[in-house]
Amino acid sequence: MRLAPLLPLVLLLGPFASAAEPAPSFSGLDGALRVPAPRLELEAAIDGVLDEPAWAVAARLTGFSQYSPADGRPADDATEVLVWYSPTALHLGVRASAPPGTVRATLSSRDRISTDDQVLFFLSPFDDGRQALLFAVNPLGVQADGALVEGTRREGGGFGGLASDREDADLSPDFVFDSKGRLTEAGFEVELRIPFKSLRFPSAATQDWGLHVTRIVQRSGREDSWAPAKRSASSFLAQAGKLAGLTGISSARVLDVIPEATARRDGGPGPADAFERNWATPEVGGNVRWGVTPNLTLHGAVNPDFSQVEADAGQFQYDPRSAVYFSEKRPFFLDGLEQFETPNRLIYTRRVADPLFAAKLNGKAGATTLAALVAIDGQGASRYRDERPLFAIARVQRDLLGSSRVALVSTTRADGDDLNQVLAADARFTFGGIWTARAQGAIAWTREQGRSWSAPLFDAQLDRNGRRFGLRYRLVGIAEDFVTRSGFISRPGVANVNLDHRISWYGAAGALVERFDTDLVFDGVWQYRKFVGEGGIQDRKFHWNNNASLRGGWRAGFSILKETFGYDEGLYADYALQRPDGGLDPFVGTPRLPNLDFVFSLDTPQWKTFFFHADWLFGRDENFFEWASADIDYLTLRGEWRPDHRVRLEARYQLQQFHRRTDGSLVGRRQIPRVKLEYQLTRAAFFRVVAEYDARFQDALRDDSRTELPIVLVTPTGVAPLLRDEEGRLRLDLLFSWQPRPGTVVFLGYGSVHAEPRNLRFDALDRRSDALFLKLSYLFRR
């Protein structure tokens, strides 16, 4: 580390530090969680070597203990974190011990360190026990960053099971900070510098910030924590330590200006089946980020490039009544995205398709958090020729005692004479240390095509997150006419009751089974109008899920799914049966289909060069094509090979297929093999190749197991038989990326889509479209 002009002061401090008492140590095992970090009038460049005098007087965080898979045990490997701060930045150092040759570290791109050893810093400048910014590094200093807002991202521990680990952070947001690391004979060392300009924080003269530090050790699959966090808690963040008595923090307002330019050449079918390429008009735009106050930030974008540099990976649709969700990837929306998080995804920024202008205001003042977004979408997103849709979105949250909170949400989309507005309130209360109660109510008003209506949404949930016993009871109802043009509702028109109970066992230190979770899920789905009126249940589900964390980082799972699905007349309203004489009979489905499925899953440890995951669901399940029972297979195989620290090869294969139980014939199959190869030139630059093939097959549909008559589709223009259909699509993407820090990028990429009438033959691929693009942007920060 090279010290800047105040080096003489450090040189005077060095002899004093070596002769004086050692720097104070704060051991998590001893409960010493309030850390008065020293303030030094220094600035430093980052080199990953912690041998300068400033580190000798830094506060030392020691005494890490295990958090996952079992909590409360001393960590196997020693970890020491050093903390000090200057008027303009927070400095963090890590000394991590590990047996020789066991450290996992690759030179990867940002946010791609999940297979490496890593140290994670959850920093809460407002010390509210509800949300934190994540700054993570691998042993080489490669960065990952994001945000964690508790109560918005908890996922199940198995196939629909109840989670027993902490929530994962959203890695979408990117922050400007410096880091560098190196491997040592004893393990590794990493150095971080987080500028205060990259953070939002209170304006008080003296401040306490929440701090959680964890270390993930891939060779054992364990996560160690400095603060002795317990699994039997309603909040992980509320158990954090504190950086106490921070003073003299620079409140200089950040001003980021990011001009950008894009050029694109698109190819597609032209006259007489010729393939033509044309240059699109070059686009110039930009983004501005201004710190109105230390805790409030204003963002603006004019004609921004909101394209993605990598296409969304293909996903299966397990139920045709549920829409598939794709996460936000566009940089303007990612900053502060966590403050727009709301239950049931009433805010979904991908609804803003191609904005001409957008502005955001977000931050926190005292106990109140504000996030607001206004955008004018491109003309192509409107059904009106001369109109451009206007979006206005806001969320206001108020912190209560403990980790509790209440919030209001308002979304509006105006498009000519069409208008959609949603008003919602949600609340989260924590009590008793391990209990959480959550509720949400919303109403949507819609006016479209001369018709106006309103519809409600309600949601209530109770969680108990004990170490050995947990539960989740949830009731959610979404009216069939509930519409949100600014949010994402996967399946409206249903009510769902879910009762989930988890029991966990913990093995002794060194045991083969380190933790075993089993949970029983009772789930019922009603059509909304029958739930609030009169009518029976539509779908019943009983799931028994089992998940084991094994010694050495192995994970295995097994589930039994017992279900019955009721006939959904709305899904088949345009189906009919065609008699031999050409006449039509109504399609009347079997009232109820019984299902019995089995699920197996396996994850290997994150070995130094290889990782593998497999999950297989098979059994008897519904054939939605024909509403009949089928023998099904859902298979996912995923592997990653890292022959050295620069090369990463990922491969994934997904299979979804249905065989008729009457004669064993294939009614539908979809296969998606995907390969991604990355070569990391430097920490800032990489080259990527992605190839994905989507193979679809559907047999001619018939009234299987009943009349065996062919199924036809009745439309306003006539009758269309549902004949055999097959197609294969190959997508190729190439990308060179140089991104030394968020906001400064060079992207040069090419993408193409090819199709063939018979899948996986590769002998008649026809190019349908392609595109060559260049994007340049640069971050100017003051």
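Owing to the predicted nature of the structure, the values given are computational and were not obtained by experimental measurement. (Residues numbered from 1 in each chain as written. Predicted model: local features only at pLDDT ≥ 70, side-chain atom pairs only at ≥ 80, totals over all residues. Heavy atoms only, no water.)

Peer 1: Would you explain the overall build of the protein chain in this entry?
Peer 2: A tally of regular secondary structure across the protein chain gives four helices and 44 strands. Computed over C-alpha atoms, the radius of gyration of the protein chain comes to 28 Å, within 12% of the 28 Å expected from 2.2 N^0.38 for 782 residues, which places it in the range of a compact globule. With the principal axes as the frame, the protein chain shows a C-alpha extent of 100 × 65 × 50 Å. Here the protein chain, with 782 residues, has 53% of them falling under the buried criterion. Taking all contacts inside the protein chain whose residues are at least 6 apart in sequence as the whole, residues at least 24 apart take part in 63%. Only carbon and sulfur atoms are counted for the fraction: they give 59% of the accessible area of the protein chain, which is about 33,100 Å². With 95 positive and 99 negative side-chain charges, the protein chain shows a separation of 3 Å between the mean positions of the two kinds. (Helix = DSSP H or I, 4+ residues; strand = E, 2+ residues; numbered from the N terminus. Rg over C-alpha atoms; globule rule 2.2 N^0.38 Å. Buried < 20%, exposed > 50% of the residue type's maximum accessible area, 1.4 Å probe, protein only. Contact = heavy atoms within 4.5 Å. Areas by Shrake-Rupley, 256 points an atom, 1.4 Å probe, with all protein chains shown as cover. Lys, Arg positive; Asp, Glu negative; His and termini not counted. Charge placed at Lys NZ, Arg CZ, Asp CG, Glu CD.)

Peer 1: I keep staring at the pairing of strand E27 (residues 494–506) and nothing clicks. Help me out?
Peer 2: The side chains of a regular strand alternate, residue by residue, between the two faces of the sheet. Sheet topology places strand E26 (residues 469–478) next to E27; 10 bridges connect them, and they run antiparallel. When the bridges of E27 are listed, Leu471 appears paired with His501. Pairing of E27 with strand E28 (residues 513–527), which is carried by 13 bridges, proceeds in the antiparallel orientation. The residue of E28 that forms the bridge with Asp500 is Val521. (Pairing = 2+ DSSP bridges.)

Peer 1: Mind showing me how you'd approach the layout of surface pockets here?
Peer 2: Rolled over the atoms, a probe sized like a water molecule indicates the empty space that remains. Taken as a whole, the second largest pocket holds about 700 Å³ of empty space. Lining the second largest pocket are 24 residues, and of these Gln317, Pro320, Phe625, Arg696 and Gln698 sit closest to its centre. Those elements that provide at least two residues to the lining of the second largest pocket are strand E36 (647–660), strand E37 (666–680), strand E38 (685–698) and strand E41 (725–741). Considered class by class, the residues forming the lining of the second largest pocket number 13 nonpolar, four polar and seven charged. (1 Å grid on protein atoms, 1.4 Å probe; cavity = no way out; pocket = protein on both sides within 12 Å on 5 of 7 lines; lining within 4 Å. Points joined across faces, edges and corners; volume = space filled by probe spheres on them. Nonpolar A, V, L, I, M, F, W, Y, C, P; charged D, E, K, R; others polar.)

Peer 1: Can you walk me through the side chain of His613 in this structure?
Peer 2: If you trace the backbone, His613 turns up in strand E34 (residues 610–623). One polar contact links His613 to Asp603, side chain to side chain, over a distance of 2.9 Å. Residues in contact with His613, not counting those within four places in the same chain, are Leu602, Asp603, Thr636, Leu637 and Arg638. (Polar contact = N/O pair within 3.5 Å; in protein donor to acceptor, adjacent residues only side chain to side chain.)

Peer 1: Any chance you could explain the nonpolar core here in plain terms?
Peer 2: General note: in soluble globular proteins, nonpolar side chains tend to be found buried as a group. Ranked by size, the top nonpolar core spans 41 residues in total, and within it Leu61, Phe121, Phe135, Leu199, Trp209, Val213 and Leu243 carry the most contacts. Secondary-structure elements contributing two or more residues to this core are strand E3 (59–62), strand E5 (79–85), strand E6 (89–97), strand E7 (118–124), strand E8 (131–137), strand E11 (187–195), strand E12 (206–217) and strand E14 (241–247). Residues contacting Leu61, with those up to four places away along its chain left out, are Phe26, Val35, Thr79, Glu80, Val81, Val83, Leu211, Val213 and Trp226. One finds Ala444, Ala455, Ile478 and Phe482 within the second-largest nonpolar core, a separate group that totals 26 residues. (Core = buried A, V, L, I, M, F, W, Y, C linked by side-chain atoms within 4.5 Å.)

Peer 1: Mind showing me how you'd approach the packing of aromatic side chains here?
Peer 2: The relative placement of two aromatic rings is captured by the distance of their centres and the angle of their planes. Per the stated rule, a full pass over the model turns up 33 aromatic pairs. On the basis of an interplanar angle of 10° and a centroid distance of 6.1 Å, the ring pair of Phe600 and Phe618 is categorised as stacked. Taken as a pair, Phe600 in strand E33 (residues 592–603) and Phe618 in strand E34 lie far apart in primary sequence, 18 residues in all. On the basis of relative accessibility, which here comes to 40%, the residue Phe600 falls in the partly exposed class. Classification of Phe618 by relative accessible area gives partly exposed; the value is 22%. Aromatic side chains Tyr778 and Phe780 sit 4.7 Å apart centroid to centroid with 65° between the ring planes, which places their arrangement in the edge-to-face category. Following the ring pairs from residue to residue traces out a cluster consisting of Tyr567, Tyr572, Tyr575, Phe587, Phe624 and Trp627. If you follow Arg166 out to its NZ or CZ, it ends over the ring of Phe236, 5.7 Å from the centre. (Phe/Tyr/Trp six-rings, centres within 6.5 Å; stacked < 30°, edge-to-face > 60°. Lys NZ or Arg CZ within 6 Å of the ring centre and 35° of its normal.)

Peer 1: How do you make sense of unusual backbone geometry when you look at a structure like this?
Peer 2: The step from Ser68 to Pro69 runs through a cis peptide bond, and the omega angle for that step is 10°. On the secondary structure map, Pro69 appears in the loop between strand E4 (65–68) and E5. Phi at Arg345 takes a positive value of approximately 50°, unusual for a residue other than glycine. Structurally, Arg345 is set in the loop between helix H3 (331–334) and strand E19 (355–365). In this structure, Phe762 takes a positive phi of about 60° despite not being glycine. Tracing the backbone shows Phe762 in the loop between strand E42 (744–756) and strand E43 (766–777).

Peer 1: Whenever I open this one, empty space enclosed by the protein confuses me. Can you help?
Peer 2: Evaluation of the coordinates by the stated rule reveals six cavities of 30 Å³ or more. In this model, the largest cavity occupies a volume close to 220 Å³. Taken together, 18 residues line the largest cavity, and the ones lying closest to its centre are Phe126, Leu133, Arg200, Glu338 and Gln339. Mapped onto the lining of the largest cavity, the elements with two or more residues apiece are E7, E8 and E19. In terms of residue count, the dominant contributor to the lining of the largest cavity is E8 (three residues). The residue makeup of the lining of the largest cavity, split by class, is seven nonpolar, five polar and six charged.

Peer 1: Hey, could you run me through the pattern of salt bridges in this one?
Peer 2: Following the criterion strictly, the structure yields 55 salt bridges and no others. Salt-bridge contacts for Asp568 lead to Arg321; the nearest nitrogen and oxygen are separated by 3.3 Å. With a gap of 247 residues between them, Asp568 in the loop between strand E30 (555–566) and strand E31 (575–578) and Arg321 in the loop between strand E18 (296–302) and H3 connect regions that are remote in the sequence. Residue class for Arg321 comes out buried when judged on its relative accessible area of 12%. (Salt bridge = Lys/Arg side-chain N within 4 Å of Asp/Glu carboxyl O.)

Peer 1: Looking at this structure, how should I read the sheet that holds strand E10 (residues 178–183)?
Peer 2: The strands making up a sheet associate through backbone hydrogen bonding, with each pair oriented either parallel or antiparallel. Strands sit in the order E1-E3-E5-E6-E11-E10 across an open sheet of six strands; the sheet is mixed. Only two strands of the sheet have a single neighbouring strand rather than two, namely strand E1 (25–27) and E10. On average, each strand axis in the sheet is inclined to that of its neighbour by 15°, with strand direction left out of account. As judged from the six bridges shared by E10 and E11, these two strands associate in the antiparallel manner. Residue Gly181 lies in a different strand from E11, and its bridge partner there is Val190. (Axes fitted to C-alpha atoms, helices over the stretch in contact; angles between N-to-C directions.)

Peer 1: Can you help me understand the sheet that holds strand E40 (residues 718–721) in this one?
Peer 2: Across the sheet, four strands lie side by side as E32-E31-E39-E40; this open sheet has antiparallel pairing. The open sheet is flanked by strand E32 (584–586) and E40, the only strands paired with a single partner. Averaged over neighbouring strand pairs, the angle between their axes works out to 45° when direction is ignored. Note that E31 and E32 share three bridges and pair antiparallel. Bridge pairing in E32 links Ala576 to Pro586.

Peer 1: I'm lost on the environment of Gly749 in this one. Help?
Peer 2: For Gly749, the position within the fold is in strand E42. Owing to a relative accessible area of 3%, Gly749 belongs among the buried residues under this scheme. Along the backbone, Gly749 and Arg264 are 485 residues apart, and their C-alpha atoms lie at a distance of 9.6 Å.

Peer 1: How do you make sense of the side chain of Ser549 when you look at a structure like this?
Peer 2: Within the secondary structure, Ser549 is located in strand E29 (residues 539–550). A polar side-chain atom of Ser549 sits 3.2 Å from a polar atom in the side chain of Arg555. Each residue touching Ser549, except ones within four places of it in the same chain, is listed here: Pro69, Leu512, Val513, Glu514, Arg515, Trp554 and Arg555.

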